[in-house]
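# Descriptive structure summary
The residues making up each chain are set out below.
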Amino acid sequence: MGKRKIGLFFGSFNPVHTGHMIIANYMVTRTELDEVWMIVSPQNPFKKAGSLARDHDRLHLVNLAIGDTPGLRASNVEFDLPKPSYTIDTLAVLRDKYPDRTFSLIMGSDNLPTLPKWKNAELLLRDYDIHVYNRPGYPGGELSAHPRVQLHEAPLMHLSATYIRESIREGHSIKYLVPGAVARELEVSGMYR
Ligand code: ATP
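What counts, and where the lines are drawn
- Residues numbered from 1 in each chain as written.
- Predicted model: local features only at pLDDT ≥ 70, side-chain atom pairs only at ≥ 80, totals over all residues.
- Heavy atoms only, no water.
- Pairing = 2+ DSSP bridges.
- Helix = DSSP H or I, 4+ residues; strand = E, 2+ residues; numbered from the N terminus.
- Axes fitted to C-alpha atoms, helices over the stretch in contact; angles between N-to-C directions.
- Buried < 20%, exposed > 50% of the residue type's maximum accessible area, 1.4 Å probe, protein only.
- Right-handed = clockwise from strand over helix to strand, strands pointing away.

Before going further, it helps to examine the sheet that holds strand 5 (residues 130–133). Pairing in this open sheet of 6 strands is parallel, and the strands run 3-2-1-4-5-6 from one edge to the other. Strands with a single pairing partner mark the edges of an open sheet, and in this sheet they are strand 3 (72–75) and strand 6 (149–152). Averaged over all neighbouring strand pairs, the angle between strand axes comes to 30°, with direction disregarded. Both strand 4 (residues 101–108) and strand 5 contribute to a ladder of 4 bridges, which runs parallel. For Gly-108, the partnering residue across the bridge sits in strand 5 and is Tyr-133.

Quick look at the structure:
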């Protein structure tokens, strides 16, 4: 048997919403990936936290969103890494820790054009597959044709964490916009109010 294939989906997940979960579940059920790990980005100590919820609270919400969904997993691997964390460094840590798996990246076509500016971008593109899902209005640019890049047409929800936070602050319902367990926790905890 080959190594298990893990796709990494990075985000601040502040909070996680249905748009994120559609992508995560699409990737794990419709591609060669065996698992998708949702990697919660820690707060950068050099940036103002603003409306960013605490690391562990955001991680907890991702775990609630996942529930018992096969193949999905929340990861706090970046919480203990030097900040800000760079994707290439996180990948090196994961590779060391899990030598029996192969890792690849998941990103929207909006992020693909910025990839050449990431730390050690050449290495990233040399050593890792990149699963890119379409985002309307972002054709993806030159890298769309890169041999390491695989393009996917996933169903999309036009939704952002910013919209969720604003809705909560303004007292509007977020039902259906986040998974039920997440909605309940947000309600009970008073987060983002
Ligand atoms: P914010 O509004 O706070 O900027 P966000 O909803 O964009 O947050 P992130 O945590 O930054 O959430 O998202 C993680 C990843 O998911 C990012 O790469 C982002 O581009 C992508 N993403 C965000 N919203 C959606 C969506 N509705 N559908 C697909 N991908 C999304």
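Once you've had a look at it, read on.
Burial of strand 4 is extensive: 7 of the 8 residues sit out of reach of the surface. Strand direction decides the pairing type here: strand 1 (residues 4–11) and strand 4, joined by 6 bridges, are parallel. When the bridges of strand 4 are listed, Phe-9 appears paired with Ile-106. Remark: the strand 4/helix 4 (residues 121–127)/strand 5 crossover connection has right-handed handedness.

In short, the description is geometric, and any link to function would need to be established separately.
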